[in-house]
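Chains, contacts and geometry: an overview
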Amino acid sequence: IDMLVPGDVYVADVYGKIDQGPIIGDNLATSILAKSGNGVVHDAAVRDLDGIKELPGFASYVRGWHPSFASPTIMLMGVNCPVRIGGVTVMAGDLVLGKEDGVIFIPAHLVEKVVKTAELIALRDKFGKQRLAEGKYTSGQIDTRWDDPIEADFSQWLEAHIDELPVPKEAIQEMLKERTW
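So, here is what we can say about the structure in this document. (Residues numbered from 1 in each chain as written. Predicted model: local features only at pLDDT ≥ 70, side-chain atom pairs only at ≥ 80, totals over all residues. Heavy atoms only, no water.)

Before going further, it helps to examine helix α5 (residues 148-160). Its 13 residues place the ends of α5 18 Å apart at the C-alpha level, agreeing with the 18 Å of an ideal helix rising 1.5 Å per residue. Among the residues making up α5, those that are buried are Ile150, Glu151, Asp153, Phe154, Ser155, Trp157 and Leu158. (Helix = DSSP H or I, 4+ residues; strand = E, 2+ residues; numbered from the N terminus. Expected span 1.5 Å × (residues − 1). Buried < 20%, exposed > 50% of the residue type's maximum accessible area, 1.4 Å probe, protein only.)

Right, here's the structure in full:
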């Protein structure tokens, strides 16, 4: 924890332990937040939940909560080495994306491609939901590969809404040039 720098995310594989799994309580959570400005991905339980909840900006993705403390059978095996979290291998430098329903890890060399793809999917979802709400298309049409008329409608929709979308105008124009659908 003392090695953390701003932007780091503390990721620990404690084999999903609940009882005798909490290494992190509100003191260590406070230290992690102070050093990194972020939270944790902890494949085990944490304790002192009330104190952790009071930390603004501290996100924690954990297996659960338990009042016990870490068992003496837990041993630090390495720092910045590969670990397994939920069946996924995580490497130092991977980007951590935490959402309310879970967490994923993105290898550093794929981050740009993942972000661009996610932005495009978000735009397609926004368009699709709007057209579904309007009754213009059925869910069967939106939830499958789009035919040429829907693709053309999407392109027109992008251009008509380019200044009000959550993706920068330049990024949308670049996506339109690169797209192959």
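From this point, things continue past the structure.
On to the nonpolar core, then. Counting residues in hydrophobic clusters, the biggest one holds 15 residues, and the most contacted among them are Leu123, Phe127, Phe154, Leu158 and Ile172. Put simply, the parts of the chain that give this core at least two residues each are α3 (111-134), α5 and α6 (169-178). No other element matches the four residues that α5 contributes to this core. Counting 14 residues, the second-largest nonpolar core is a separate cluster that includes Ala12, Ile24, Ala29 and Ile32. (Core = buried A, V, L, I, M, F, W, Y, C linked by side-chain atoms within 4.5 Å.)

What follows is about the environment of isoleucine 32. As for its placement among the helices and strands, isoleucine 32 is situated in helix α1 (residues 26-36). The sequence separation of isoleucine 32 and aspartate 101 amounts to 69 residues, and the corresponding C-alpha distance is 22 Å. Discounting chain neighbours no more than four positions away, the residues touching isoleucine 32 are Ile1, Leu4, Tyr10, Ile24, Gly37, Asn38, Gly39, Val40 and Phe58. (Contact = heavy atoms within 4.5 Å.)

Reading across the sheet, the three strands line up as β1-β2-β3 and stay open at both edges, with parallel pairing between neighbours. The open sheet is flanked by β1 (10-17) and β3 (60-65), the only strands paired with a single partner. The mean angle between the axes of side-by-side strands here comes to 20°, regardless of whether they run parallel or antiparallel. Note: strand β2 (residues 40-46) against β3, five bridges, orientation parallel. Each residue of the ladder has a partner; that of histidine 42, found in β3, is valine 62. (Pairing = 2+ DSSP bridges. Axes fitted to C-alpha atoms, helices over the stretch in contact; angles between N-to-C directions.)

Fair warning: the whole summary comes from geometry, so function is off the table for now.
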